[in-house]
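Below, each chain spelled out in residue letters.
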Amino acid sequence: MQQNDNRHHKQTAVSVRGISKSFGAATVLEDINFDVGEGEIIVLLGASGSGKTTILRIVAGLETPDAGTIFLHGRDVTEMPARERGVGVIFQSYALFPKMTVEQNIGFGLRLRRRSKNEIKEKVNSLIELVHLEDHRNKYPSQLSGGQQQRVAIARALAYEPEVLLFDEPFGALDAQIRTRLRREIRALLKQIKVPSIFITHDQEEALELGDRIAVLNAGRLEQIGTPYEVYNKPATEYVATFVGAANLLLGVVRDERFEAEKISLEIEEQTGFREGQSVKLVFRPEDVFLRKPENLTQHYQKLTDGIIEEVSFVGAFERVVVKLDLASEQQVVVSRPKSETTVFPLAVGQKVTVGLVRFRILPNFTLAAERAAQKVDA
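The following paragraphs examine the structure supplied in this document. Just so we're clear, the structure is a prediction, and the values are computed from it rather than from any experiment.

### Some details on the pairing of strand β18 (residues 332-338)
One ladder, built from 7 bridges, connects strand β17 (residues 318-325) with β18; its direction is antiparallel. By the bridge assignment, Val323 is partnered in β18 with Val333.

Structure, rendered in structure tokens:
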């Protein structure tokens, strides 16, 4: 389900059009289309083998597509060698020269291009300041932390004044705490320098925090592209719903513009576009479930069914609850409750509860490949 949403960005820096790629009999990418606006950060999110690295390599000029075109600022660069594209690539390993200082690493490309000593010095100084490494300019990579090495790699890529920056799982080698801090720093830095960037990652939290938009890839297809809010709250496919965050799924049918399944009957409040009797899935996030009657809720609420608490776990800022629904299938759903809710309304295993939803999505139950294009609806 591809959406080409370039509303927020008048000028297009990178345009990927109809890119397909196979290695032998295996199709790695199939008709990929998306744009990156000037100064925009796009994150390609997907599991291992989804094709995200191949897209990055094709944009960089390290791989040739079987079909399709790559435009950088309106120029067709599909046949152009990597070194002439004006693309900066930051790899997971950073690929810094171990026997060069921070200064020497950053200025390496400029020396290769025979720039004057003064020009190199000026450029290196301004980049060191930009990435906040003034106190580390004479250190070698082995004397730097992972986060500092990452910043050197970015400064070195920026020395070329690239038209676009490509990041290949750049935080993969770092521990969780450093990753979180560094991705905020890198996002702020990229917004400051306004160079359009493409990141690839398999980490959903990273994608949501870093990207202006996220392109979700699954087995070589682009399932959805949208803002973090759109991809999380309005997933276009079941894959997106379950890959980006946690989701509960219930099978049912559409009747009279309602979702029906056993004892469940939910009003779908917008025109659905679904066929009467069409097999669909109800998709809802753990945080969109409430386990008490709606009297105290200001949000719109519909009762799903009753249930029994099977499990209550404390997971830091939230409580995670597993509820067995009062259905013949005895299906379980996962609910997350913030501290404010757990204090006012504590729950115990075995307790009966009312299960209600404040937000949900209806997606087609994809039994046929042809149905992939069927519509979906919010409620």
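What follows continues from the structure just given.
### Looking at the packing of helix α2 (residues 102-112) against helix α4 (residues 146-158)
Where α2 meets α4, the axes come as close as 7 Å, and the angle between the chain directions of the two elements is 30°. In terms of orientation, α2 and α4 fall into the roughly parallel class. You can see that α2 and α4 cross each other, and the crossing is right-handed. For the pair α2 and α4, contact is made by Val102, Asn105 and Ile106 and by Val152, Ala155 and Arg156, respectively. Considered class by class, the residues forming the contact of α2 with α4 number 4 nonpolar, 1 polar and 1 charged.

### Comments concerning the sheet that holds strand β15 (residues 289-290)
Strands sit in the order β15-β19-β16-β17-β18 across an open sheet of 5 strands; the sheet is antiparallel. Each end of this open sheet is capped by a strand with a single partner; those strands are β15 and β18.

### What about the packing of aromatic side chains?
Taken as a whole, this structure holds 4 aromatic pairs when the rule is applied. Measuring from ring centre to ring centre gives 4.6 Å for Phe97 and Phe108, while their planes differ by 50°; the resulting arrangement is tilted. Of this pair, Phe97 sits in the loop between β6 (87-90) and α2 while Phe108 sits in helix α2, and the two are 11 residues apart along the sequence. Of the residues examined, Phe97 reaches a relative accessible area of 30% and is grouped as partly exposed. On the basis of relative accessible area, Phe108 is assigned to the partly exposed category, the value being 25%. Pairing Phe171 with Phe199 gives two aromatic rings, centres 6.3 Å apart and planes at 25°, and the pair type is stacked. Pair noted here: Phe171 is in the loop between β7 (164-168) and α5 (176-193) and Phe199 is in strand β8 (residues 197-201), with a separation of 28 residues, a long-range link. Accessibility expressed as a relative area gives 1% for Phe199, which makes it buried.

Criteria and cut-off values
- Residues numbered from 1 in each chain as written.
- Predicted model: local features only at pLDDT ≥ 70, side-chain atom pairs only at ≥ 80, totals over all residues.
- Heavy atoms only, no water.
- Pairing = 2+ DSSP bridges.
- Helix = DSSP H or I, 4+ residues; strand = E, 2+ residues; numbered from the N terminus.
- Axes fitted to C-alpha atoms, helices over the stretch in contact; angles between N-to-C directions.
- Parallel < 35°, antiparallel > 145°, perpendicular 65-115°, else oblique.
- Left-handed = near helix turned anticlockwise from the far one by under 90°.
- Contact = heavy atoms within 4.5 Å.
- Nonpolar A, V, L, I, M, F, W, Y, C, P; charged D, E, K, R; others polar.
- Phe/Tyr/Trp six-rings, centres within 6.5 Å; stacked < 30°, edge-to-face > 60°.
- Buried < 20%, exposed > 50% of the residue type's maximum accessible area, 1.4 Å probe, protein only.

Read these as geometric descriptors, not functional statements.
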